[in-house]
Amino acid sequence: MERKLSCEEKKTKKVSFLRKNGLSLVGGFVFFLFLLASSGTVQAVPSFARQTGLSCSACHTVFPELTSFGRNFKLNGYTLTGIKTINQKRETKDGSKSAILNLLSISPISAMFQTGITHVSKTIPGTQNNNVEFPQQLSLFYGGQITPHIGAFIQITMDDESGTFGMDNTDIRYSNHSKGKVPFTYGLTLNNNPTVQDLWNTTPAWGFPYTASGVAPGPGAAPMIENLGGMVAGLGGYGLLNNLIYFEFTGYGTAQLGAALPPDASAAGVIKGIAPYWRLALQHQWTKSYLEVGTYGMSTSMFPVGVSGLTDKYADIAFDLQYEYMFSQGQFTFHTTYIAEKQTLNASHDAGDSQNLSNKLNTFKCDGSVFLKAGVNFTLGYFSTTGTSDNVLYAPADMEGSRTGTPNSSGILAQFDYLPWANTKISLQYVAYSKFNGAKTDYDGSGRNASDNNSIYLQFWFLF
């Protein structure tokens, strides 16, 4: 991976990757990480605390990781309030009154500031090492109730190279409850990143380590479901039956900021029609333990360039598990996710941008953490990507190429977090690769080894 890219370079690189291999990963680690200035991650925001009157720790262990209460708060549309609201009611036909306004008495606005320093084991050719990002990310949030049954998480983020602000992760929800004997919560979600609406910390938009260096090298292959943030808009419905069975179905279409509208021949990565996303999960809470097991997936048909002709098709199917165990001094948490993607590259193969018509790409990740109430958290994770050999899709190239023609990468990620205050986090992260873009040694054909991309990253994260 080369140096961190500017906004225009990110767009150009995304077009190139979509044309060549249907993947877009601009600076970031294999399926774990997103370039924060490009797509961001869902965050904990103090406006929720101001709205509810509850501490951040009610919804989070180490933010943005959710507790059971935090999952319910999100499920119910971010609408729980503990402060005075401005109300208006109107009389219905049966003589009863219904609320048509329930406006918070304070503005639910928050801000986030992240800065960090990164050291790479071997300096990236043509760049300097020990890079400081200040800020790495600066975001403004609207987080909270809008009106009865409707709430939102809306993030606007500054790109740290161009200095301009743009739309980031957004999830607007309607939520309600049935009046039957069996508890049933249902709602609608309008969002711009598949899985950003999810309740668990196992899906791409929520997966550990939640934030990472924007300049450290990372492999370039990841499933399509992980690379659509900020490029799409989706509307879907969800439900939780008897606090046990969760289900959701959402349809996504192209909604690219800064691109031609409506999309035309100059566009790249345009979805043909609607891309369906589905989610099914089972959960259960015991006295000290909590377990979720589930599956999710997405089917995407995409024009690599323009809005007509052949398309590339991506079918993603995933399985996930989240386990929590509470003890007197803290909590143990385990996450794991496996994503299997089938690629049918009709357009790319026809254009000579892939060797094979059909490829597979599989990713696996797991992490276990111990959180202590004193504000200390230790996490160890493992990640792996494997896929079909394709010498055109994964061609040799300095830093980001593959000498072997495969996307295979793996390694471990260790992280120490310290929260001196509930809205401040200091993190030290170490990433070690056992394989990078298909090989342990000379992976790019230019003499760079997987271990050369190992990195140490120190970050300061403030929410206010």
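Just above sits the structure.
Residues numbered from 1 in each chain as written. Predicted model: local features only at pLDDT ≥ 70, side-chain atom pairs only at ≥ 80, totals over all residues. Heavy atoms only, no water.

1. With respect to the overall build of the protein chain
Item 1. Looking only at helices and strands, one finds 4 helices and 19 strands in the protein chain.
Item 2. Relative to a compact globule of 464 residues, whose C-alpha radius of gyration would be 23 Å, the protein chain shows 22 Å and is just as compact.
Item 3. Taken over the C-alpha atoms alone, the protein chain extends approximately 75 × 50 × 40 Å along its principal axes.
Item 4. With 464 residues in all, the protein chain has 55% of them scored as buried.
Item 5. Pairs at least 24 residues apart make up 64% of the contacts formed inside the protein chain by residues separated by at least 6 positions.
Item 6. Working note: accessible area of the protein chain is about 18,700 Å², and carbon and sulfur atoms make up 62% of it. (Helix = DSSP H or I, 4+ residues; strand = E, 2+ residues; numbered from the N terminus. Rg over C-alpha atoms; globule rule 2.2 N^0.38 Å. Buried < 20%, exposed > 50% of the residue type's maximum accessible area, 1.4 Å probe, protein only. Contact = heavy atoms within 4.5 Å. Areas by Shrake-Rupley, 256 points an atom, 1.4 Å probe, with all protein chains shown as cover.)

2. Some words on the pairing of strand 16 (residues 376-387)
Item 1. Relative to strand 16, strand 15 (residues 358-372) runs antiparallel, the two being bridged by 12 bridges. By the bridge assignment, F364 is partnered in strand 16 with S384.
Item 2. Counting the residues in the hairpin turn of strand 15 and strand 16 gives 3 residues, including G375, whose phi is positive at 100°.
Item 3. Sheet topology places strand 16 next to strand 17 (residues 409-421); 10 bridges connect them, and they run antiparallel. Note on strand 17: the bridge partner recorded for G381 is L413. (Pairing = 2+ DSSP bridges.)

3. A short note on the packing of aromatic side chains
Item 1. Overall, the coordinates contain 16 aromatic pairs when judged by the stated rule.
Item 2. Taken together, a centroid distance of 6.2 Å and an interplanar angle of 25° make the contact between Y238 and Y246 stacked.
Item 3. Taken together, F383, Y433, F436 and Y443 form an aromatic cluster joined through their ring pairs.
Item 4. Positioned above the aromatic ring of Y290, the side-chain terminus of R71 is 4.1 Å from the ring centre. (Phe/Tyr/Trp six-rings, centres within 6.5 Å; stacked < 30°, edge-to-face > 60°. Lys NZ or Arg CZ within 6 Å of the ring centre and 35° of its normal.)

4. Remarks on the pattern of salt bridges
Item 1. Under the criterion given, the structure shown has 6 salt bridges.
Item 2. The salt bridge involving D171 is made with R173; its shortest N-O contact spans 2.8 Å.
Item 3. Look at D171 and you get buried, because its relative accessible area is 1%.
Item 4. The class of R173 is buried, set by a relative accessible area of 1%.
Item 5. In this structure, the salt-bridge partner of E292 is R279, at a minimum N-O distance of 3.6 Å. Taken together, the residues span a long stretch of sequence, with E292 in strand 12 (residues 289-305) and R279 in strand 11 (residues 275-285) at a distance of 13 residues. The residues E292 and R279 share a single accessibility class, namely buried.
Item 6. Overlapping salt bridges, with partners in common, bring together D198, R279, E292 and D320 in one network. (Salt bridge = Lys/Arg side-chain N within 4 Å of Asp/Glu carboxyl O.)

5. A word on a nonpolar patch on the surface
Item 1. A contiguous nonpolar patch, built from I317, F319, Y338, F364, L380, Y382 and I412 and spanning about 640 Å² of accessible area, is present on the exposed surface.
Item 2. Among the secondary structure elements, those contributing two or more residues to the nonpolar patch are strand 13 (312-327) and strand 16.
Item 3. When you line up the elements, F319 lands in strand 13. (Patch = residues over 30% accessible without salt bridge, like charges linked within 9 Å, V, L, I, M, F, W, Y side chains within 5 Å.)

6. Overview of the side chain of K425
Item 1. Relative to the helices and strands, K425 resides in strand 18 (residues 424-435).
Item 2. The side chain of K425 is buried and forms no salt bridge, while D417, the nearest opposite charge, is found at 4.5 Å.
Item 3. Residues within four places of K425 in sequence aside, it is in contact with V62, F63, P64, D417, Y418, L419, Q459, F460 and W461. (Lys, Arg positive; Asp, Glu negative; His and termini not counted.)

7. Concerning helix 3 (residues 68-75)
Item 1. Regarding helix 3, the residues found buried are G70, R71, F73, K74 and L75.
Item 2. Following helix 3 by one or two positions, G77 has its phi on the positive side, about 80°.

8. Here we look at the nonpolar core
Item 1. With 20 residues, the main nonpolar core has I225, L228, V232, Y252, Y277, Y296 and M298 as its most contacted residues.
Item 2. Taken together, the elements giving at least two residues each to this core come down to strand 11, strand 12, strand 13 and strand 14 (330-345).
Item 3. It is strand 12 that provides the largest number of residues to this core, a total of 3 residues.
Item 4. Sequence-distant contacts of I225, defined by excluding residues within four places in its chain, comprise P194, T195, P204, Y277, Y296, G297, M298, D316, I339 and E341.
Item 5. Within the second largest apolar cluster, 14 residues are counted, among which are V45, F48, F73 and Y78. (Core = buried A, V, L, I, M, F, W, Y, C linked by side-chain atoms within 4.5 Å.)

9. Notes on the environment of S110
Item 1. Following the sequence through the fold, S110 ends up in strand 3 (residues 109-120).
Item 2. A residue is classified by how much of its surface remains accessible, and S110, at 2% relative accessible area, is buried.
Item 3. Between the C-alpha atom of S110 and that of S47, which follows or precedes it by 63 residues, the distance is 5.5 Å.
Item 4. Discounting residues that sit within four places of it in the chain, S110 has contacts with V45, P46, S47, R50, S139, L140, F141 and F464.
Item 5. Within the structure, S110 has its side chain in polar contact with the backbone nitrogen of S47 (distance 2.6 Å). (Polar contact = N/O pair within 3.5 Å; in protein donor to acceptor, adjacent residues only side chain to side chain.)

10. Concerning unusual backbone geometry
Item 1. The linkage connecting F208 with the following residue, P209, adopts the cis geometry, with an omega of 15°.
Item 2. Mapped onto the elements of the fold, P209 is located in the loop between strand 7 (184-191) and strand 8 (232-241).
Item 3. Phi at H149 is positive, roughly 75°, even though this residue is not glycine.
Item 4. With respect to the helices and strands, the residue H149 is situated in the loop between strand 4 (131-147) and strand 5 (150-158).
Item 5. A relative accessible area of 36% means that H149 is categorised as partly exposed.

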